[in-house]
Amino acid sequence: MHATRIARSAARSMRIIALPLTPPCKPINGRPAAEHLTYYHFITPPDNRKSTWSKWIVAKASDLWAGLGKAPEGNWKRRAFLYGERLVDRLDFEELALKSLDPSLGPRLSNIVHTSSKEKEKTTAHIPLIYPPSACTSPLPHIQSLLAKRTPRHKKGFWFWLAVSPLTAPFALIPIIPNFPFFFCVWRSWSHYRAYKASQYLEGFLKQGAIVPQTSPELDAIYAKYAPALLPDADAEKPPPPPSEHAPAADSTRQEEETAAASAYGPRLLLTKEAVPELQKLLALPEDSTFAADVYRALEQARLRLEGGQKKA
């Protein structure tokens, strides 16, 4: 019953599914805290609106790109497609998640704003934020911090790639081969713009307190079933140093506790890739959904960031 409730309610209104990838960690023994990574999947009602010129352009570009992937192996079209797919996999999964959200399909912010001091606040417009309580506490602080960083970054990226795109005009003089640098710049600008507008949209709801956290026992069960082993941590595996003869016993006890905490709560993945099909089934997503590919990409990036010492912000 609870599993179908998420899917049925998503058909009527917007939902945010928070999937923690790594646990929040505190600084231990002077080491910087590991970044808390969470993938957010946005479920919106189906788009039944009439086709517009912008939707036509996006659909046309998608069809042309898919056509390159159908070219024979070794063909320049096929090679260009594979290289482009590798570029997409290198983009931050946070950007790709925000870009997938179409604010026009979600509730309107005006539905919760006071129009006069005498009018009561409308409570019909809110966005549930569904998360597994065993994997994290309320994800509201995390998504607030994420949007605070992402909004200016995507605004800057939108204008940067838009300004760079005219510089690629000389590549159009090359016969036969399309001007890939120009299309890449336009696509990056469009991607940043989509992520920027989605980030702005979510920030507006956060300021109004209209994003409401909701725990999900179903997600909890999946996290418990597909929890991986801890990643090896060289520093955590080292035995604690022997206490100094002149050091108080309290300091020795504190060091042992910090070492144990580093081992138990060190950076690690919270979910394996085997959980993705079950997550997709729980959310009752359509067959053409990119959810599986997006979560696989997010898990792989989270693994690389952990192994790389949290180099990415």
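Since the structure is predicted, the reported quantities are computational estimates derived from the model, not experimental observations.

Q: Got a minute to help me understand a nonpolar patch on the surface in this structure?
A: Nonpolar side chains collect at one region of the surface, where W53, W56 and I57 lie side by side and expose about 430 Å² of accessible area between them. Relative to the assigned elements, W56 resides in helix α2 (residues 53-69). Taking the relative accessible area as the measure of exposure, W56 reaches 54% and is therefore exposed.

Q: When you look at the pairing of strand β3 (residues 127-131) in this model, what are you seeing that I'm missing?
A: A regular strand places its side chains so that they alternate between the two faces of the sheet. Counting buried positions along β3 gives 5 out of 5 residues, so the element sits mostly inside the fold. The alternating pattern of β3 places I127, L129 and Y131 and P128 and I130 on opposite faces, both of which are buried. Relative to β3, strand β1 (residues 15-20) runs parallel, the two sharing 2 bridges. Pairing of I17 across the sheet is with I130, part of β3. For β3 and strand β4 (residues 211-215), the ladder comprises 5 bridges, and the chain directions are parallel. The residue of β4 that forms the bridge with P128 is V212.

Q: What is the right way to look at the side chain of T22 in this model?
A: Its place among the elements puts T22 in the loop between β1 and β2 (38-43). Looking at T22, its side chain comes within polar contact range of the main-chain nitrogen of L37, at 2.9 Å.

Q: For this particular structure, what's the right way to read the sheet that holds β2?
A: The pairing of strands in a sheet happens through backbone hydrogen bonds and is either parallel or antiparallel. Strand order in the open sheet made by the 4 strands is β2-β1-β3-β4, with mixed pairing throughout. The open sheet terminates on both sides in strands that have one partner only, identified here as β2 and β4. If you compare each strand with its neighbour and ignore which way they point, the axes differ by 25° on average. Pairing analysis gives 6 bridges linking β1 to β2, with the strands arranged antiparallel. For L19, the partnering residue across the bridge sits in β2 and is Y39.

Thresholds, definitions, all that
- Residues numbered from 1 in each chain as written.
- Predicted model: local features only at pLDDT ≥ 70, side-chain atom pairs only at ≥ 80, totals over all residues.
- Heavy atoms only, no water.
- Patch = residues over 30% accessible without salt bridge, like charges linked within 9 Å, V, L, I, M, F, W, Y side chains within 5 Å.
- Areas by Shrake-Rupley, 256 points an atom, 1.4 Å probe, with all protein chains shown as cover.
- Salt bridge = Lys/Arg side-chain N within 4 Å of Asp/Glu carboxyl O.
- Helix = DSSP H or I, 4+ residues; strand = E, 2+ residues; numbered from the N terminus.
- Buried < 20%, exposed > 50% of the residue type's maximum accessible area, 1.4 Å probe, protein only.
- Pairing = 2+ DSSP bridges.
- Polar contact = N/O pair within 3.5 Å; in protein donor to acceptor, adjacent residues only side chain to side chain.
- Axes fitted to C-alpha atoms, helices over the stretch in contact; angles between N-to-C directions.

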